[in-house]
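# Examining the three-dimensional arrangement
Given next are the chains, with one letter for each unit.
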Amino acid sequence: MTERPLWTVEAMATAMDATSAGPLPLSIPGISIDTRTVAPGEAFFAIKGDNRDGHDFVPAALENRAALCVVAEDRRVEFPKDAPLLVVPDVLEGLRALGRAARARLKGKVIGITGSVGKTGTKEMLRLVLSHQGETHASAASYNNHWGVPLSLALMPKQARFGVFEIGMNHHGEITPLTALTRPHVAVVTTIAPVHLEFFGTLEAIADAKAEIFSGVEPGGSAVINADIAQFGRLAAAARAAGVGQIVSFGESEAADARALKVSLQVETSTVHARILGHEVTYKLGAPGRHVVDNSLAVLSAATLLGADLALSGLALAGLKPPAGRGERVTLDLPGGTALLIDESYNANPASMRAALALLGQVPVKGLGRRIAVLGDMLELGPEAQTLHASLADAVLGNAIDAVYCAGPLMKSLWDALPSERRGGYAEASAALEAQVLAAVTVNDAVMVKGSLGSRMGPIVKALRRRYTRSEQEQTLVHG
């Protein structure tokens, strides 16, 4: 079967106002900004990042059978005359222009998602729900910044019925141009929490920055906002000021338009009976956690607003699985039995940390098994960082966590706040904590690893998997 083209090269060149060079294909099936993953026939965009310039990798992209490369005018002379190139004044601006063209040609509906916590999980739920009802395109990974959003847009097939885009920020003014690109029919705000507090100072300032998403909502579009946060009124007022036609609230509040009427939280799933925009539905979530339940209300609301069938949307949520780094569960094989690893290592902030500790607290342990939390620093919290870390002690105690291993200078505040019997181990950096954690895990334990990306907790997860899971052990034997 012939792969469906994503873009004709003529349409790309027109959208980006590009000059053609070398032998070019008629069309391309995809776009990449990474030579390690570029597929044969795709277009490689030589974006200049903070640490690397994509132009340095153009020869590698062509060697990996990229069909063409998009390069800047001032770097054109560095490449052979017969190299297949589209030449633009600025590569990132060219990608933005292509994203804008992708949005303009789309006849389907678009959802934009922002919030301090839960953006990626909510996006993945929407991808799952909507893909059962029509061709659905969604941002890859957490591509939610100044290059991730235009790349995600440019990758959207024109035949898509739904487009789902995650929009992030860590400074004021960053969401405005991204929502102008995506022009969502529905804008979702998952929650407001002390994330990037270092750059904003207050939760109200964070809410104002997130509210920028409403400025790009299409005429007659809708906003879906968490009813349970103190900033709901502020966000709703911002949506109205931006001309958003319909404001839908979700959460536990009795006045919420989407509300969970009954929730049963299990170790690996949840069952929910909810009222969504006046219609009752019962559904099962394939991933655990009260925060997942709350975000599912936003998902079903947004899907319904776009014309998706509510009953089918609810049924689809049974297939939800937590991705790697965001709650993925792995069985560890130890001498004499097994242990459970919960991988939450992708990122962390006070809200997501409390949610992860609550999830760990739900896990039943047998025999001498313990609930063990392995926690790294939560970054970008500003002057309140030490207090916010120390305040996690109540979540540790309230969720019956037996032992806590802490990595990083900020987590020292939590370590100091814990009773001595809950202290597992401490190190200044995650690398120094790894051996302690590996030695501590025993049969029937449940181990949860979490921290901000910069605190590098992922390697501890990899070390546990490498030592204690058969598939990782087999790969080591084969490739080692």
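Criteria and thresholds
- Residues numbered from 1 in each chain as written.
- Predicted model: local features only at pLDDT ≥ 70, side-chain atom pairs only at ≥ 80, totals over all residues.
- Heavy atoms only, no water.
- Helix = DSSP H or I, 4+ residues; strand = E, 2+ residues; numbered from the N terminus.
- Buried < 20%, exposed > 50% of the residue type's maximum accessible area, 1.4 Å probe, protein only.
- Contact = heavy atoms within 4.5 Å.
- pLDDT = per-residue confidence, 0-100.
- Arc of directions from axis to C-beta.
- Phe/Tyr/Trp six-rings, centres within 6.5 Å; stacked < 30°, edge-to-face > 60°.
- Lys NZ or Arg CZ within 6 Å of the ring centre and 35° of its normal.

Assignment of secondary structure puts Gly 286 in the loop between strand E16 (279–285) and helix H10 (290–305). By relative accessible area, which is 10% here, Gly 286 ends up buried. For the pair Gly 286 and Asp 90, spaced 196 residues apart in the sequence, the C-alpha separation amounts to 44 Å. Aside from chain neighbours lying at most four places away, what touches Gly 286 is Glu 268, Thr 269, Leu 317, Ala 318, Leu 320, Lys 321 and Pro 322.

Further remarks concern the confidence of the model for the protein chain. The predicted model of the protein chain has a mean per-residue pLDDT of 94, with 97% of residues at 70 or higher. In this model residues 472–480 is a low-confidence stretch, pLDDT under 50, and it forms seven contacts with partners more than four residues away in sequence or in other chains.

The next thing to look at is helix H16 (residues 430–440). All buried positions along H16 are accounted for by Ser 430, Leu 433, Val 437, Leu 438 and Ala 440. Angular distribution of buried residues about the axis of H16 spans 155°; they occupy a single face of the element. With respect to the buried face of H16, the exposed residues turned more than 90 degrees away are Ala 431, Ala 435 and Ala 439. In this fold, the buried residues of H16 make contact with strand E19 (371–376), strand E20 (403–407), strand E21 (423–427) and helix H17 (458–468).

A full pass over the atoms with the stated rule returns two aromatic pairs. Where Trp 415 meets Tyr 426, the ring centres are 6.1 Å apart and the plane angle is 35°; that geometry is what we call tilted. Linking Trp 415 in helix H15 (residues 411–417) with Tyr 426 in strand E21, this pair joins segments that are 11 residues apart in sequence. Residue classification places Trp 415 among the buried positions, given a relative accessible area of 15%. Tyr 426 sits in the buried class, given a relative accessible area of 19%. The aromatic ring of Trp 7 is capped on one face by Arg 105, whose charged end is 3.6 Å from the ring centroid. The ring centre of Trp 415 lies 5.4 Å from the NZ or CZ of Arg 423, which sits over that ring.

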